[in-house]
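# Per-entry structural report
Chain by chain, the residues:
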Amino acid sequence: MKVTIEAFGPAKGWFGSEHIPMDVMTGATVSDLAIALSKQYPGFWPHKDRCAFALQDRLVAPSEVLHDGAQLSLIPPVSGG
């Protein structure tokens, strides 16, 4: 099944794009997606455990099961004041 990830802030640099289409297996979770992303984009590996994912307007847990056509936002850690 196909999902799309929208990368924000520095995450765009990790992937070289703001929108990343991915093919994942049926029943894949957000955690599975993060692992697949880090294999395809090694620059993401050091950040994968510190990023959040959102599906529509809500943050999702790593155990969230994805559906075909899902559009996830990848939210990198933010700091500042």
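Every chain is numbered on its own, with residues counted from 1 as its sequence reads. Since the coordinates come from a predicted model, pLDDT governs what is reported: local features require at least 70, and pairs of side-chain atoms require 80 or more to be given and counted, while whole-chain, interface and lining totals use all residues. Based on all heavy atoms of the structure, the side-chain values leave hydrogens and waters out of the count.

Residues Phe8, Leu59 and Ile75 make up a contiguous nonpolar surface patch of about 270 Å² in total accessible area. Helix numbering and strand numbering both begin at the N terminus, where a helix is a DSSP run of H or I of at least 4 residues and a strand a DSSP run of E of at least 2. In this structure, leucine 59 sits in strand β4 (residues 58-60). A patch consists of residues whose relative accessible area exceeds 30% and which take part in no salt bridge; residues with like charges are grouped when within 9 Å of each other, and nonpolar side chains (Val, Leu, Ile, Met, Phe, Trp, Tyr) when within 5 Å. The Shrake-Rupley method, run with a 1.4 Å probe sphere, supplies the accessible areas, and residue values consider only the shown protein chains as cover. The rule for a salt bridge is simple: a side-chain nitrogen of Lys or Arg has to be within 4 Å of a carboxyl oxygen of Asp or Glu.

Looking at the secondary structure, you find leucine 33 in helix α2 (residues 30-40). Exposure is judged per residue with a 1.4 Å probe applied to protein chains only, and the accessible area is read against the type maximum: over 50% gives exposed, under 20% gives buried, and values in between give partly exposed. Given the relative accessible area of 0%, leucine 33 is considered buried. Between the alpha carbons of leucine 33 and aspartate 23 there is a distance of 9.1 Å; along the sequence they are 10 residues apart.

What follows covers the pattern of salt bridges. Inspection of every chain in the model, using the stated rule, returns 3 salt bridges. Between aspartate 23 and lysine 2 there is a salt bridge, with the nearest N and O atoms lying 2.8 Å from each other. Taken as a pair, aspartate 23 in strand β2 (residues 19-23) and lysine 2 in strand β1 (residues 2-7) lie far apart in primary sequence, 21 residues in all. Summarising the burial analysis for this pair, aspartate 23 and lysine 2 share the class exposed. In this structure, the salt-bridge partner of glutamate 64 is arginine 58, at a minimum N-O distance of 2.9 Å.

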